[in-house]
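Take a look at the letters that make up each chain.
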Amino acid sequence: MQERTSLEDSLQGIGKVMRELDDNIEMIELGEAEGDQGVVTEAENALKALKKEVARRELEALLSGEADRFDTYLEVHAGAGGTESQDWASMLLRMYTRWAEKHGFKIEYLEETQGEEAGIKSATIQISGHNAYGWLKTEGGVHRLVRISPYDSNARRHTSFSSVAIFPVVDDSIKIDINESDVRVDTMRSGGAGGQHVNKTESAVRLTHIPSGVAVVCQAGRSQHKNKAQAWDMLRARLYEIELKKREEKAAADQAAKTDIGWGHQIRSYVLQPYQMVKDLRTGVQTSDTSGVLDGDLDEFMAATLAQRAFGTSPGAIDDVD
């Protein structure tokens, strides 16, 4: 019944768009015939607004995957390179939290390990909101930064790498069976920043799924019991995300959705010096507004990658979405 209602709503939406398109084309023809530029301008503006509405509907249609509706976990890990890479990891974490804030999503810090001098070695957050996983699922991979290092007294240019992992927060409708004997449980002292992010207690929990090598850490709660329960949810989500990607790769041979996020699989480059440019290496989308991107303006990149997955190329209408 729900699927039927969704189909009926889609058909009604298409019909409404087609009627508005025909009406405005007729208005333009009528205005031109009568020499009324005001009518022509009004109809042209209505067509521009209609084009944006179609683009939005097109994007909504792309977010129809099995797990797209779920909240999401987002992990950031610094690559090799010490302080420089750890600083870059913290910049990425801020970029995604700013993106989430702009979309009205809720953010919860689950784990954060500080770098020795600056930045972070790793962090895990949960982003909650409608289609959070659907929007962010294409952001997993290696992100490359090129800049004049603020930590280099000789002001040399450095290249740094950090990886991002995205996996959905699964609910009770998704059944993931895990043999407890396959999971190693380790407890440790929380090593994060404290304050509003994490509580520095002796309650941090790491779960390692031995067959797959997947490991998750949670230190957000004040009790070991709460952290362990959260870690189990995270582990189930990670294994579910791996299964989702296997299905995608088998069905669509989608090379952009590799589960291997090694340094050879960069998805985006952020160049701050000697020129400014952010370029997605999968879609070719790029911008010189590096400060805007690092402040969370990521929708253009996400939309293009989602469209590429669905159609093999980016629909032109998406370029006009505000």
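Structure: above.
Here we summarise the structure given alongside this text.

Definitions and cut-offs
Residues numbered from 1 in each chain as written. Predicted model: local features only at pLDDT ≥ 70, side-chain atom pairs only at ≥ 80, totals over all residues. Heavy atoms only, no water. Helix = DSSP H or I, 4+ residues; strand = E, 2+ residues; numbered from the N terminus. Buried < 20%, exposed > 50% of the residue type's maximum accessible area, 1.4 Å probe, protein only. Contact = heavy atoms within 4.5 Å. Areas by Shrake-Rupley, 256 points an atom, 1.4 Å probe, with all protein chains shown as cover. Pairing = 2+ DSSP bridges. Axes fitted to C-alpha atoms, helices over the stretch in contact; angles between N-to-C directions. Core = buried A, V, L, I, M, F, W, Y, C linked by side-chain atoms within 4.5 Å. Phe/Tyr/Trp six-rings, centres within 6.5 Å; stacked < 30°, edge-to-face > 60°. Lys NZ or Arg CZ within 6 Å of the ring centre and 35° of its normal. Salt bridge = Lys/Arg side-chain N within 4 Å of Asp/Glu carboxyl O.

Counting its regular elements, the protein contains seven helices and eleven strands. The buried share of the protein, taken over its 322 residues, is 46%. Here the analysis covers contacts within the protein between residues at least 6 apart in sequence; of these, 61% occur between residues at least 24 apart. In the form shown here, the protein has an accessible surface area of approximately 16,700 Å², with 48% of it arising from carbon and sulfur atoms.

With that settled, the discussion passes to the sheet that holds strand β5 (residues 157-168). With mixed pairing, eight strands are arranged side by side in an open sheet as β2-β3-β1-β5-β4-β9-β10-β11. Looking along the sheet, the strands with just one partner apiece sit at the ends: β2 (106-114) and β11 (286-287). Where strand β1 (residues 72-78) lies against strand β3 (residues 120-128), six bridges are found, and the strand directions are antiparallel. When the bridges of β3 are listed, E75 appears paired with T124. Against the sheet, helix α3 (residues 83-102) touches β1, β2, β3, β4 (141-148), β5 and β9 (266-271), its axis set at about 45 degrees to β5.

A few words on the sheet that holds strand β6 (residues 183-188). Across the sheet, which stays open at both edges, the three strands sit in the order β6-β7-β8 with antiparallel pairing between neighbours. Each edge of the open sheet is held by one strand with a lone partner, namely β6 and β8 (214-218). The average undirected angle you get between the axes of adjacent strands in this sheet is 15 degrees. The pairing of β6 with strand β7 (residues 204-209) spans six bridges and is classified as antiparallel. Across the sheet, the residue bridging to V183 is H209, located in β7.

A word on the nonpolar core. The biggest cluster of nonpolar side chains holds 45 residues, and the ones touching the most others in it are L74, M95, W99, I127, L136 and Y270. The dominant element in this core, judged by the number of residues it contributes, is α3, at nine residues. Here L136 is in contact with T72, L74, Y96, W99, I127, I166 and M302, once residues within four sequence places are set aside. By size, the runner-up hydrophobic cluster in this structure holds 19 residues, among which are L110, F167, V169 and C218.

Under the criterion given, the structure shown has three aromatic pairs. Considering the side-chain rings of W99 and F105, the 5.5 Å spacing of their centres and the 65 degrees angle between planes classify their relative orientation as edge-to-face. The ring centre of F167 lies 4.8 Å from the NZ or CZ of R238, which sits over that ring.

According to the stated counting rule, one finds 16 salt bridges in the structure shown. Ionic pairing is found between E20 and K16, a salt bridge with its closest N-O pair at 2.6 Å. Placement of both E20 and K16 in helix α1 (residues 2-34) is noted, with a separation of four residues, approximately one turn of the helix. Relative accessible area serves as the criterion here: at 25%, E20 is assigned to the partly exposed category. Overall, K16 belongs to the partly exposed group, its relative accessible area being 35%. Two residues, R98 and E101, come together in a salt bridge whose shortest N-O distance is 3.0 Å. Pair noted here: R98 and E101 are both in helix α3, with a separation of three residues, about one helical turn. On the basis of relative accessibility, which here comes to 23%, the residue R98 falls in the partly exposed class. We classify E101 as partly exposed; its relative accessible area is 44%. Taken together, the shared-partner salt bridges connect R94, R98, E101, K102, D295 and D297 into one network.

This next bit is on the side chain of R238. Position of R238 among the secondary structure elements: in helix α5 (residues 224-252). Residue R238 is classed as buried on the basis of its relative accessible area, which comes to 15%.

For K175, the position within the fold is in the loop between β5 and β6. Of the residues examined, K175 reaches a relative accessible area of 66% and is grouped as exposed. Along the backbone, K175 and R236 are 61 residues apart, and their C-alpha atoms lie at a distance of 8.8 Å.

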